[in-house]
There are 2 protein chains.
Amino acid sequence: MKNILVAQSGGPTAAINATLAGVITCAYSSGITGKVLGSCNGIQGVLEERFVDLRDKVQSAQDMDLLCQTPAAALGSCRLKLTEEQQYEQIVEVLRRNQINCFIYIGGNDSMDTVHKLSAYCSEHGIDDISVIGAPKTIDNDLMGTDHCPGFGSAAKYISTTFSELERDCHVYTMKAVTIVEVMGRNAGWLTAASALARLNGAKGPNLIYLCETDFDNSKFIADVKQELETCDSVVVAISEGIKDKDGRYVSEQVQSSAVDNFGHSYIAGSAKVLENLVRDEIGCKVRSIELNLMQRCAAHIASAVDIQESKMLGMRACQAALEGETGKMAAVIRKGDAPYTVTYETVPVSQVANAEKKVPADFITPDGHDVTEKMINYLKPLIQGENTVIYENGIPKHLALY
Amino acid sequence: MKNILVAQSGGPTAAINATLAGVITCAYSSGITGKVLGSCNGIQGVLEERFVDLRDKVQSAQDMDLLCQTPAAALGSCRLKLTEEQQYEQIVEVLRRNQINCFIYIGGNDSMDTVHKLSAYCSEHGIDDISVIGAPKTIDNDLMGTDHCPGFGSAAKYISTTFSELERDCHVYTMKAVTIVEVMGRNAGWLTAASALARLNGAKGPNLIYLCETDFDNSKFIADVKQELETCDSVVVAISEGIKDKDGRYVSEQVQSSAVDNFGHSYIAGSAKVLENLVRDEIGCKVRSIELNLMQRCAAHIASAVDIQESKMLGMRACQAALEGETGKMAAVIRKGDAPYTVTYETVPVSQVANAEKKVPADFITPDGHDVTEKMINYLKPLIQGENTVIYENGIPKHLALY
């Protein structure tokens, strides 16, 4: 019998609990699993030994469905960065004390760094009875080694749907107006690119799309907007929160403090607000800025069925790998074709993933720097397909709480 | 045979096209209707005689379904305020030239003012062959004469669902954090109150809810937040955009310009941002502000089935009244009971509606001023019930364009 501990980390997504459901499904069905524990608040909960028994918490088929439609880590998350060898030692002690053979960590770049270092620590210390496996998760879609990341497809579906709705909203008046919509993404523009999918049913979609991979130039931006205003009353612009000028200075830095989080990331927000003021000053028409803010990562009510299904499969793949004794790996989705869209689920060395970032390739962005190419559309389109049957109660979606 | 002209006005909602669909349905099925025209951009389109033939644009059952799930006025809107008698004269000329007997205007307070003045003009000038009827619409829910307003229920469903998702999102970390969510509503707090519905399935919901009907006090707010932080890591606060202090000064005014729109309304936004900075200064914990912005009024993908059904019925009732020769009236929904929820559709004199505002009654707000009472919940709950079957294509909702 093997005992499993699973934890979640990083920022919330609409699909991270589908991956947890996948781990649980594989564990329950494997026939060789004993304890299935969940750590509360990621690796921090491991250090503090705050566990819940998932065999108690997730029993019925309906529990599993509710878990899949619950946004944000049902086991909680953490922002703890492991910095000392003593912390790895302590983690191994906790795992041993609980007879854990498989530790599965669902998360993004930082979590994969933890998987990498913890598995390396085990190898270096001759600990061969503990498997450490990662399962990817991030709406940013910036993890290496996997075609795309669980949570991204659902965020992309929310974003494309929201842009299609905002376009209807912004087009009702005849006056000249500019709407600037800020989408999450510090260094990778994948989510912002998803705004282009609002065009799939024939609508115009955003007039202009600026990803953070392209140097942002205020004067060119104003010229682009002016040109669009010549033919359109309503100009909708999609921008990444992390757009920066050619010197690498964030557009938002003009108004933000220099605060940083535990990982040294700057707190940034407000690029759209900066550009709103710029348009008001330079063009003078009606202008509004919108941040899709946390809604884009937790809108589970409009999750992508493809994303939820794949997220679950990756949880199963990660659990399977751990049960088979693999370690230092991450479950990954590998695309075999766009049309028809086909994928396989594999494991890749987590060392390839940790501390790397997958940015948007140059040929996914148009040469003028304010739109995406057909290659991008072909890549993105399969990921937002399908709608889940969401269980509502009292008019709002039902969620499952694990602790 | 009677000829119908229908127009839409005011800010977008997710249900305003269901009301249009109701007008069309009644017109098509009446057996006494000739032309069914739509004016583009409300009363402005009437003055400019920019009409579309709805018998061409909306033919099949699927067209009708798509119209009902398309957010924001499919016929466009306007912000034109009629100020001169000569404009009414011109409107009557246009209606006569097009042999229009029934003019139906779907909109909010300002549109009902137009219905009132136009019907009064007709009466004063002995014009008895043109019926002018209003159909209500506003996410703000502040129209008199009707139990609630089409569009409100869908916005309330979006808001309650979003708060339930944000709560999951904000609770994943163990650190003390405050999230302040700004909801639309200048002078009426109905939409903000809908955040309380996030509690219907047992979740905590917003810790604190401040409506614009209650005098807002910065010191009390900070004390309230501090008290919540004593027992909760994550404190979620719902505020109306229009919260103001005891002297009537908007909280947002500290950072906003004094710009006004054509109706003399101040442009206000940013109350949550002001309070975010206040919490940072006074408490010093992690704090974030979120504006639900345009999404709350155009998120047709999560419309309330009750709202869409009632909105359609009100369009039918308005058309029926016009065909029967009523004038100067507004179709209204009258509640007969909460449990079971039952309503009737009637017409009320539009003079009772125009230029009045229905605010939240005092007994719908708790005495401490930072929550709503059971009376409010009983009023709101029926309005967000039921989910529409939304038609998706290519992974995003399909919309219908009329012009």
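Residues numbered from 1 in each chain as written. Chains lettered and ligands numbered in written order. Predicted model: local features only at pLDDT ≥ 70, side-chain atom pairs only at ≥ 80, totals over all residues. Heavy atoms only, no water.

I'm lost on the overall build of chain A in this one. Help?
A count of helices and strands for chain A gives 13 helices and 13 strands. For 403 residues, the compact-globule estimate of 2.2 N^0.38 gives 22 Å, and the C-alpha radius of gyration of chain A, at 22 Å, lies within 12% of that figure. Taking the principal axes of its C-alpha atoms as reference, chain A extends roughly 70 × 45 × 40 Å. Taking the intrachain contacts of chain A between residues at least 6 apart in sequence as the baseline, contacts between residues at least 24 apart amount to 77%. Total accessible area on chain A stands at roughly 14100 Å², and carbon and sulfur atoms take up 47% of it. Counting 37 positive and 51 negative side-chain charges, chain A places the centres of these two groups 2 Å from one another. (Helix = DSSP H or I, 4+ residues; strand = E, 2+ residues; numbered from the N terminus. Rg over C-alpha atoms; globule rule 2.2 N^0.38 Å. Contact = heavy atoms within 4.5 Å. Areas by Shrake-Rupley, 256 points an atom, 1.4 Å probe, with all protein chains shown as cover. Lys, Arg positive; Asp, Glu negative; His and termini not counted. Charge placed at Lys NZ, Arg CZ, Asp CG, Glu CD.)

How should the pattern of salt bridges be read in this particular structure?
Where charged atoms from two side chains of opposite charge come close, those side chains can pair. Across all of its chains, the model carries 37 salt bridges over all chains by this definition. Where Arg50 of chain A meets Glu48 of chain A, a salt bridge forms, and the shortest distance between an N and an O atom there is 2.9 Å. Accessibility expressed as a relative area gives 30% for Arg50 of chain A, which makes it partly exposed. Between Asp233 of chain A and Lys176 of chain A there is a salt bridge, and its shortest N-O distance comes to 3.5 Å. Of the two residues, Asp233 of chain A is situated in the loop between helix H9 (218-231) and strand E8 (234-240) and Lys176 of chain A in the loop between helix H7 (152-170) and strand E6 (177-183); the sequence distance between them amounts to 57 residues. You can call Asp233 of chain A partly exposed: its relative accessible area is 31%. Each of the salt bridges in this network shares a partner with another, and the network as a whole consists of Lys81, Asp110, Asp113 and Lys117 of chain B. (Salt bridge = Lys/Arg side-chain N within 4 Å of Asp/Glu carboxyl O. Buried < 20%, exposed > 50% of the residue type's maximum accessible area, 1.4 Å probe, protein only.)

What's the story with the sheet that holds strand E9 (residues 286-291) of chain B in this structure? I'm lost.
Backbone-to-backbone hydrogen bonds join strands into a sheet, with any given pair of strands oriented parallel or antiparallel. All names here are of chain B. Judged by pairing direction, the sheet is parallel, and its 4 strands sit side by side in the order E7-E8-E6-E9 without closing on themselves. Every interior strand has two partners, whereas the edge strands, strand E7 (208-210) and E9, have only one. Geometrically, the sheet is characterised by an average inter-axis angle of 15° between neighbouring strands, direction not taken into account. When strand E6 (residues 177-183) meets E9, the two strands line up parallel, connected through 6 bridges. If you follow Val178 over to E9, its bridge partner there is Val287. In the packing of helix H10 (residues 271-282) onto the sheet, contacts are made with E6, strand E8 (234-240) and E9, and the angle to E9 comes to roughly 175°. (Pairing = 2+ DSSP bridges. Axes fitted to C-alpha atoms, helices over the stretch in contact; angles between N-to-C directions.)

Would you mind going over the relation of the copies chain A and chain B with me for this structure?
The relation between the two chain copies is a rotation about an axis coupled with a shift along that axis. Each copy of the sequence occupies a distinct position, and chain A is placed on chain B by a rotation of 180° and an axial shift of 0.0 Å, giving an RMSD of 0.0 Å. Taken together, the rotation and translation describe the operation of a two-fold axis. Among all residues of chain A, the minimum C-alpha distance to the rotation axis is found for Glu291 of chain A, at 3.8 Å. (Least-squares fit on C-alpha atoms with pLDDT ≥ 70 in both.)

Sorry if this is basic, but what is going on with H10 of chain B here?
Since the α-helix advances by 3.6 residues per turn, residues separated by three or four positions end up pointing in the same direction. All names here are of chain B. If you check H10, its first and last C-alpha atoms are 16 Å apart, about what 12 residues at 1.5 Å a residue would give, namely 16 Å. Residues of H10 that are buried: Ser271, Ala272, Val274, Leu275, Glu276, Leu278 and Val279. Just downstream of H10, Gly284 is the residue with a positive phi angle, here 85°. (Expected span 1.5 Å × (residues − 1).)

What's the story with the interface of chain A and chain B in this structure? I'm lost.
It is common to give the size of an interface as the accessible area that goes away when the parts come together. Each partner contributes residues to the interface: chain A has 64 residues there, and chain B has 64 residues. Around 5000 Å² of area is buried between chain A and chain B when both sides are counted, 54% of it from carbon and sulfur atoms. Taken together, chain A and chain B are joined by 2 salt bridges. Here chain A is connected to chain B by 35 residue pairs in polar contact (both at pLDDT 80 or more). Within the residue set of the side of chain A that touches chain B, elements represented by two or more residues are H7, strand E9 (286-291), helix H11 (295-298), strand E12 (392-393) and strand E13 (396-397) of chain A. (Buried area = accessible area lost by both parts, 1.4 Å probe. Polar contact = N/O pair within 3.5 Å; in protein donor to acceptor, adjacent residues only side chain to side chain.)

Looking at this structure, I do not really get the side chain of Asp224 of chain A. What am I missing?
Position of Asp224 of chain A relative to the elements: it lies in helix H9. Engagement of the side chain of Asp224 of chain A in a polar contact is seen with the side chain of Tyr210 of chain A, the distance being 2.7 Å.

Help me understand the environment of Lys57 of chain B, please; the structure alone is not making it clear to me.
Residue and element names in this part refer to chain B. As for its position among the elements, Lys57 is in helix H3 (residues 54-57). Once the C-alpha coordinates of Lys57 and Pro349 are considered, the two residues, 292 residues apart in sequence, prove to be 32 Å apart. Those residues within four positions of Lys57 in sequence are excluded, and the remaining contacts are Val52, Asp63 and Leu402.

Mind showing me how you'd approach the packing of helix H1 (residues 16-30) of chain A against helix H12 (residues 305-323) of chain A here?
Any two packed helices are characterised by how steeply their axes cross, that is the angle between the axes, and by the distance between the axes. Residues and elements named next belong to chain A. Following both chains from N to C, one finds H1 and H12 inclined at 45°, their axes separated by 6 Å at the closest point. As far as their axial angle goes, H12 and H1 are oblique. Crossing handedness for the pair H1 and H12: right-handed. Of H12, the residues touching H1 (which contributes Ala18, Thr19, Ala21, Gly22, Val23, Thr25, Cys26, Ala27 and Ser30) are Ile308, Ser311, Lys312, Gly315, Met316, Cys319, Gln320 and Leu323. For the contact of H1 with H12, the per-class residue count stands at 9 nonpolar, 7 polar and 1 charged. (Parallel < 35°, antiparallel > 145°, perpendicular 65-115°, else oblique. Left-handed = near helix turned anticlockwise from the far one by under 90°. Nonpolar A, V, L, I, M, F, W, Y, C, P; charged D, E, K, R; others polar.)

Just checking my understanding: could you explain the sheet that holds strand E5 (residues 131-136) of chain A for this structure?
Residue and element names in this part refer to chain A. A sheet is described by the order of its strands in space; here 7 strands give the open sequence E3-E2-E1-E4-E5-E10-E11, paired in mixed fashion. Each edge of the open sheet carries a strand with a single partner, namely strand E3 (51-53) and strand E11 (341-349). Across the sheet, the axes of successive neighbouring strands diverge by a mean angle of 30°, strand direction being ignored. Where E5 lies against strand E10 (residues 329-338), 2 bridges are found, and the strand directions are parallel. Looking at E10, one finds that Ile133 is bridged to Lys329. Relative to the sheet, helix H6 (residues 109-124) contacts strand E4 (102-107), E5 and E10, its axis offset from that of E5 by approximately 165°. In this fold H12 packs onto strand E1 (2-8), strand E2 (33-39), E4, E5, E10 and E11, with an angle of close to 35° to the strand it touches most, E11.

How do you make sense of helix H4 (residues 61-68) of chain A when you look at a structure like this?
By the burial criterion, the buried members of H4 of chain A are Asp63, Met64, Leu66, Leu67 and Cys68 of chain A. Buried positions along H4 of chain A lie against H1, helix H3 (54-57) and H12 of chain A.

What is the right way to read a negative patch on the surface from this model?
Residue and element names in this part refer to chain A. On the surface, a cluster of negative charge is contributed by Glu85, Glu89, Glu93 and Glu124. Examining the composition of the negative patch, we find that 3 residues originate from one element, helix H5 (residues 85-97), more than from any other. Looking at where Glu93 falls in the secondary structure, it is placed in helix H5. A residue is classified by how much of its surface remains accessible, and Glu93, at 43% relative accessible area, is partly exposed. (Patch = residues over 30% accessible without salt bridge, like charges linked within 9 Å, V, L, I, M, F, W, Y side chains within 5 Å.)

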